[in-house]
Amino acid sequence: MFSYRHGFHAGNHADVLKHMVLVQVLEHLLQKDKPFWVIDTHAGGGLYDLTSGYATKSGESASGIANLWPMRRDKSIPEAVRSLLKQVALLNDGDDLKWYPGSPQLAAQMLREGDHLRLFELHPTEIKLLESHFAGVKRGVSIQGADGFASLRGCLPPPPRRGLVHIDPPYENKDDYRRVLQTLKDAIPKFNSGTYAIWYPEVARREAIQFPAQLKRLAAELPKVDWLHATLRVKGAERDGVGLFGSGMFIINPPYTLYDKLAVALPWLVETIGQDDHAAYTLEAQQS
Ligand code: SAM
């Protein structure tokens, strides 16, 4: 159960898609002068050193964030990519890319006083990393070593009734697909104005292939729920059921600005970090 360590994958193409979308959602929530919560049900370690440990063993960031990093000052690149690079640059001095923010760090560095970040994580080592990373932060962040799926209901609705729920499990256990769907079914009726961001992998596995259609069916069954679905595939499918060739983000109640931003960013990412002729994107949305 505890084999997954996000450090191996930090900054890869899937993180680029996921974190670019999260930054867009957060920027939108920040436009109003009203507090909000971010609930991250599967937090990971929070911040990753791309120059040591797991990240150097896998080298996955080379085809993701490290590929984009030299373009961070180029004003002609898509705005959504530039916004992600701006957040990464806040952690790195000068030209060397060392630190890459996981979703907790991204949220923490964007939130204001009065906003709140709730983090759930089950891996004992990742919990320790999170706790030491946020040790100096006295207010605004809470960390629980608990099952994020089971704990979400108890946080809803967040007191300001505004917020983002990020659901980002490892999916190494195929039961994660079912648990995401059940968690959404339980959560949305309690907080139906919230934005929900669900990441999932594109791998050659039945559960992963069926998952987007299941998410759309679930959204259709709930009253007043809009959605946006974006995928970024960087190479042809690997047939082993494990190799990640792309990923998707399914956003429930997305910001109205997100579709247009991604319509520019996704084709650019296909051109820039695509690895072969199978690189492609999809973007679709539905309003209730
Ligand atoms: N959200 C992080 C980010 O974007 O930087 C990455 C999270 S990683 C994909 C998934 C994490 O979920 C792992 O650290 C794993 O230990 C943790 N995990 C697995 N099952 C969990 C559960 N039921 N509740 C909370 N955390 C869980």
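The residue numbering used here restarts from 1 in each chain and proceeds along that chain's sequence as written. Whole-chain, interface and lining totals are the exception, using all residues; otherwise, since this is a predicted model, local features are given only for residues with pLDDT of at least 70 and side-chain atom pairs are given and counted only at 80 or more. In computing side-chain properties, one takes all heavy atoms of the structure into account and sets aside hydrogens as well as water.

Asker: Talk me through the overall build of the chain; I want residue IDs and the actual numbers.
Answerer: Numbering goes from the N terminus for both helices and strands, where a helix is a DSSP run of H or I of at least four residues and a strand is a run of E of at least two. Scanning the chain from terminus to terminus reveals 10 helices and 10 strands. With the radius of gyration taken over C-alpha atoms, the globule rule is written as 2.2 Å times the number of residues to the power 0.38. Its C-alpha atoms give the chain a radius of gyration of 18 Å, within 12% of the compact-globule value 19 Å for 288 residues. In terms of overall dimensions, the chain has C-alpha extents of about 45 × 40 × 40 Å along its principal axes. Buried means the residue's accessible area, taken with a 1.4 Å probe over protein chains only, is under 20% of the maximum for its type, while exposed means over 50%, and partly exposed covers the values in between. The buried share of the chain, reckoned over its 288 residues, is 52%.

Asker: Quick rundown of the nonpolar core? Include the residues and the values.
Answerer: The definition of a nonpolar core used throughout is a set of buried Ala, Val, Leu, Ile, Met, Phe, Trp, Tyr and Cys residues joined through side-chain atoms within 4.5 Å. If you look at the biggest cluster of nonpolar residues, it comprises 87 residues, and the most contacted ones within it are M20, I65, L184, Y196, I198, F211 and L262. At 10 residues, helix 1 (residues 13–30) tops the list of elements feeding residues into this core. For this analysis, residues touch if any pair of their heavy atoms sits within 4.5 Å. Residues in contact with Y196, not counting those within four places in the same chain, are L156, V165, L184, A187, I188, F191, F250, I251 and I252.

Asker: Hey, could you go over the site of the ligand for me, with residue numbers and the actual values?
Answerer: Around the ligand sit 21 residues in total, of which H19, H42, E121, G148 and D168 are the nearest. S103 has a polar backbone atom sitting 2.8 Å from an oxygen atom of the ligand. Counting of polar contacts relies on pairs of N or O atoms within 3.5 Å, with two restrictions inside protein: one atom must be capable of donating a hydrogen and the other of accepting it, and residues adjacent in sequence are counted only when both atoms are side-chain atoms. E121 places a side-chain nitrogen or oxygen 2.6 Å from an oxygen atom of the ligand. Considering the ligand on its own, with 610 Å² of exposed area, one finds that the protein chains cover 96% of that surface. Contributing elements (two or more residues each) for the shell around the ligand: helix 1 and helix 7 (148–152). Ten residues, namely Ala, Val, Leu, Ile, Met, Phe, Trp, Tyr, Cys and Pro, are considered nonpolar, four, namely Asp, Glu, Lys and Arg, are considered charged, and the remaining ones, Gly among them, are considered polar. Broken down by class, the residue content of the shell around the ligand amounts to six nonpolar, 10 polar and five charged. Proximity criterion: a residue is near a molecule or strand once any of its heavy atoms comes within 4 Å of it. For the accessible areas, the method is Shrake-Rupley and the probe is 1.4 Å, while residue cover comes only from the protein chains on display.

Asker: Tell me about the pairing of strand 1 (residues 37–40), and name the residues and values.
Answerer: Walk down a regular strand and you will see the side chains alternate between the two sheet faces. Here strand 1 shows a buried face lined by W37 and I39 and a second buried face lined by V38 and D40. A pair of strands is labelled paired if DSSP reports no fewer than 2 bridges between them. Examined bridge by bridge, strand 1 and strand 4 (residues 116–120) share four bridges and lie parallel to one another. Each bridged residue has a counterpart across the sheet, and for W37 the counterpart in strand 4 is H116. Note: strand 1 against strand 6 (residues 163–167), four bridges, orientation parallel. Bridge pairing in strand 6 places W37 opposite G163.

Asker: Got a sec to walk through the sheet that holds strand 10 (residues 280–286)? Specific residues and values, please.
Answerer: Within a sheet, adjacent strands bond to each other through the backbone by hydrogen bonds, running parallel or antiparallel. Read from one edge to the other, the open sheet built from eight strands follows the order 5-4-1-6-7-9-8-10, with strand pairing classed as mixed. Across the chains shown, the open sheet's two edge strands, defined by having one partner strand only, are strand 5 (141–144) and strand 10. Averaged over all pairs of adjacent strands, the angle between strand axes in this sheet comes to 10°, irrespective of strand direction. Inspection of the sheet shows strand 8 (residues 227–233) paired to strand 9 (residues 246–252) by seven bridges, in the antiparallel sense. If you follow T231 over to strand 9, its bridge partner there is G248. Sitting on the sheet, helix 5 (residues 103–110) is in contact with strand 1, strand 4 and strand 6, with an inclination near 170° to strand 4. Angles here are taken between N-to-C directions and fall from 0 to 180 degrees, while the axes themselves are lines fitted to C-alpha atoms, restricted in helices to the stretch in contact. Each of strand 6, strand 7 (195–202) and strand 9 is contacted by helix 8 (residues 175–187), which is oriented at about 170° to strand 7, the strand it contacts most.

Asker: Residues and numbers for the pairing of strand 9, please.
Answerer: Burial analysis of strand 9 places seven of its seven residues in the buried class, the great majority of the element. Every second residue of strand 9 is oriented toward a common face, with G246, G248, F250 and I252 on one face and S247, M249 and I251 on the other, all of them buried. Note that strand 7 and strand 9 share seven bridges and pair antiparallel. Its bridge partner lying in strand 9, W199 is registered against M249.

Asker: Break down the packing of aromatic side chains for me, with residues and values.
Answerer: A pair of Phe, Tyr and Trp rings is counted when the ring centres sit within 6.5 Å of each other, with Trp represented by its six-membered ring. The angle between the planes then sorts it: under 30 degrees is stacked, over 60 is edge-to-face, the rest tilted. Taken as a whole, this structure holds seven aromatic pairs when the rule is applied. Centroid distance F191 to Y196: 6.4 Å. Interplanar angle 55°. Geometry classified as tilted. Of the two residues, F191 and Y196, both sit in the buried class. Residues Y200 and F211 carry aromatic rings whose centres are separated by 5.7 Å and whose planes lie at 75° to one another, so their mutual orientation is edge-to-face. Residue Y200 is located in strand 7, and its partner F211 is located in helix 9 (residues 206–221); the two are separated by 11 residues in the primary sequence. In terms of burial, Y200 and F211 fall into one category: buried.

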